[in-house]
Amino acid sequence: MSGAELRLGAVSYHPRVVTVWERFRTYLADRGVPTDYILYSNYERLVEAVLDGSVDIGWNTNTAFVRLDHEVGGRTRILGMRDVDLDWSTVLVTRKDRPLDGVRELAGRVLALGSRDSGHAAILPLHYLAQEGLDAAAQCVLLRFDTDIGKHGDTGDSELHVVRAVAEGKADAGVLSAVYFSAFRAEGVPDVAALEVSWRSPPYYHCNFTVLDSFDRELGERWSQALLAMDYNDESIRPAMDLEGVRTWHPGGEAGYESLRSAMREQGLLT
Amino acid sequence: MSDGDPPPDHRLDAEHLELGSGLEVLLAATLERVPPGGVLEVRTPSRAVALELPGWARLAGHEVVGEAPAAEGTVVQVRRGRTARVLAAPLPERGDPPPLRAGGELHTADWRGAGPPAPGDAGAGFAPLGAVPEASATSYRWRLSDPDEVWADDVGELVEQASAQQWDASREVPWDAARDLDETTERAVAQVMTFLAQNEYAALYVPARFLPEVNPQLPELVLWLSSHVHDEARHIEVFTKRALAGGLRGYALASTELSLSTLLDEHDFTNSSLLLNVLGEGTFLDLLRFIELHAPDPATAAAARLAHRDERRHVHFGVSHIRRAIDSNRDNERVLVAAVEARAAKLASLSGLSPVVIEALTVMASRSLVPAELSEAAADVRSLMSTMQRNRVRRLIACGFGKPTARYLSDLHSPNLM
């Protein structure tokens, strides 16, 4: 390993993460920004690693980013994010045979939520539903599926439980990522034919590559440029990009994290 | 229409279609007509569909960029993504379809223009004829990629015949006729059939080994070798059944085994075609005809007749392929001669067809051990041997070998016949 090699931390939420980073590692080296990757089993450990300098760049979920940014008083920089991360949203799904006129109708009913550390399947839905006039924590019976804690919802496992609970009538409604719901719809597994989207949250940002503000600016700029140059029309890298769920990389920014920052504060998750 | 409105074909009324019930198919087909970066206006009466469209769009590589209430529903603006769904050249415009023959038949020989295919990409995948392959990280290295190494000009027609002449070894042979021979004759038949079945194993394994080495861009060859393998499977089946059908057994001879093993030693397709198709199966044509003519029962005759029909195709392919190889490069002749010589050297210990087989053929033909009848049958078997030799030379000449070379190669051929 050369001395100039950057260290990037990511979370191994699925075996494919190795496939993705083996390919991206070669790509980044070819682009003049050699970057090794170090995998952690959970985002809390990854945040610690960025903070203590074990890694230079963290490939963070929105929840991990907000926590990291909070820890250093906002002295972070974002080097890039995926197209999907720019307009992530959460949907609330219900059974088609039990249509919902508005989210307030859910008062007194069962609402299924994904992992409690998932920004999109638990933290943000509670925040946005409150803005719609539904204090779900107080007014609904919450059916939480706290699976894969530490992965911040990356595995999608808790969202599988959410849609199943709604489909099977164990919950009146459930919340999950819009993209995950569309993926379930496309794959037909689990069977979501009987479900429909009754509400969608405003868009917010999801994952990003984060560095501390002390990270060399010129190097950070070069790393971003290399990332943004990744081309989905290049057959040699398309399979890895498909596994990562990205078609184009973007510089990103902090604007789309305000709602999550507020939500985490409200829910006592930023201490 | 104001200046800012999208063109009419960039509008879609989803009516009552929903995602998961066909709307995504309609969206994909409609977006194909929208240039990358262009916006498609989707009108839907369903609030649920409007809410779900952004997730679908992201997953499909597009983006919802606007949404507005409209008469009886919502209009959702979907901007087409800039990335290609399939990494390949665009599909060509509709062209002329392949010609049909009388009765509306579409023949394999007609599915591409005349002449052999141009050398293709040795790393190509399983792209069917005419398909536009997507660029892929998966790469193959086909050993048999150059048409010149494998082609025969009438391979398309041969594939056609192979399909048309399929038969059923369980039902097209009068098996009840195989049960009543006397023990002497039946023992001879069982030995002859065992010999045939043993040889047919090699006739199957040789093309089967080449089959997965052929570049899929030569589909005629893939189909041809598949049919060859299937034919030989049926030959193994029918001769094994005939051997078993009379209740007696024959020997699987070591000399036959030695001869067949040298067929498997040959890894060059063209050399192998000469050894197996032209020399081996060619010689078997005469043997099978002899068995059909002298069969003591209709089951044996039928088995030999049905197999003969297939072997004719195989020999035809071999002659056609070798002739093309020699015509295209005279140096190939020298290589082919060397291959026959090399095999003959390995078979130096074989002095002739096993007496066990010759005796079985003779008894089968005489149907008795009465001296006068045996004498006539023995003459028939001797005559068969000369017929085989004569026809081998004739086939080798048809391949393009000069007469002296043809005689030389015929003499070198395995005394085991296959």
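Conventions we followed
Residues numbered from 1 in each chain as written. Chains lettered and ligands numbered in written order. Predicted model: local features only at pLDDT ≥ 70, side-chain atom pairs only at ≥ 80, totals over all residues. Helix = DSSP H or I, 4+ residues; strand = E, 2+ residues; numbered from the N terminus. Rg over C-alpha atoms; globule rule 2.2 N^0.38 Å. Buried ≥ 20, exposed ≤ 12 C-beta atoms within 10 Å, placed from the backbone. Contact = placed C-beta atoms within 7 Å. Nonpolar A, V, L, I, M, F, W, Y, C, P; charged D, E, K, R; others polar. Pairing = 2+ DSSP bridges. Axes fitted to C-alpha atoms, helices over the stretch in contact; angles between N-to-C directions.

**Student:** I would appreciate a short explanation of the overall build of chain A in the present structure.
**Tutor:** Helix and strand content of chain A: 11 helices and 11 strands. Since a compact globule built from 271 residues should have a radius of gyration of about 18 Å, the 19 Å found for chain A is in line with a globular shape. The C-alpha extent of chain A, read off along each of the three principal axes, is 60 × 40 × 25 Å. When the 271 residues of chain A are sorted by exposure, 49% land in the buried category. Considering only intrachain contacts with a sequence separation of at least 6, the fraction spanning at least 24 residues in chain A is 79%.

**Student:** Help me understand helix α8 (residues 178-187) of chain A, please; the structure alone is not making it clear to me.
**Tutor:** Each α-helix winds once per 3.6 residues, and so residues spaced three or four apart point in a common direction. Counting buried residues along α8(A), 7 of its 10 residues qualify, which places the element largely inside the surrounding structure. Residues A:Ala178, A:Val179, A:Tyr180, A:Phe181, A:Ser182, A:Phe184 and A:Arg185 constitute the buried set of α8(A). Residues of α8(A) that are buried sit in contact with α4 (83-86), β5 (90-95), α7 (157-167), β8 (173-177) and β9 (195-200) of chain A together with α2 (47-59) of chain B. Directly after α8(A), the chain includes A:Gly188, whose backbone phi takes a positive value near 75°.

**Student:** Explain the interface of chain A and chain B here, please?
**Tutor:** Many descriptions give the size of an interface as the accessible area lost when the pieces come together. In this assembly, 23 residues from chain A lie in contact with 18 residues from chain B. Contributing elements (two or more residues each) for the side of chain A that touches chain B: α8, β9 and α10 (238-244) of chain A. When residues of the side of chain A that touches chain B are assigned to their parent elements, the largest contribution, 7 residues, is made by α8(A). The residue makeup of the side of chain A that touches chain B, split by class, is 12 nonpolar, 5 polar and 6 charged.

**Student:** Where do I start with the sheet that holds strand β11 (residues 249-250) of chain A in this structure?
**Tutor:** Adjacent strands of a sheet form backbone hydrogen bonds with each other and so pair up, either parallel or antiparallel. Residue and element names in this part refer to chain A. Taken in spatial order, the 6 strands line up as β2-β1-β3-β10-β4-β11 in an open sheet, and their pairing is mixed. Edge positions in the sheet fall to β2 (35-40) and β11, since each has one partner strand and no second. Bridging between strand β4 (residues 76-82) and β11 involves 2 bridges; their strand directions are antiparallel. Pairing of Met 81 across the sheet is with His 250, part of β11. Of the strands in this sheet, β3 (57-60), β4 and β10 (208-212) touch helix α3 (residues 62-71), which is tilted by about 135° from β3.

**Student:** Would you take a moment to explain the environment of B:Leu409 for this structure?
**Tutor:** Residue and element names in this part refer to chain B. By the secondary structure assignment, Leu 409 is in helix α13 (residues 403-412). Of the residues examined, Leu 409 has 23 C-beta atoms within 10 Å and is grouped as buried. Placed 185 residues apart in sequence, Leu 409 and Trp 224 show a C-alpha to C-alpha distance of 26 Å. Filtering out sequence-adjacent residues up to four positions away, Leu 409 remains in contact with Val 337, Val 340, Leu 396 and Phe 401.

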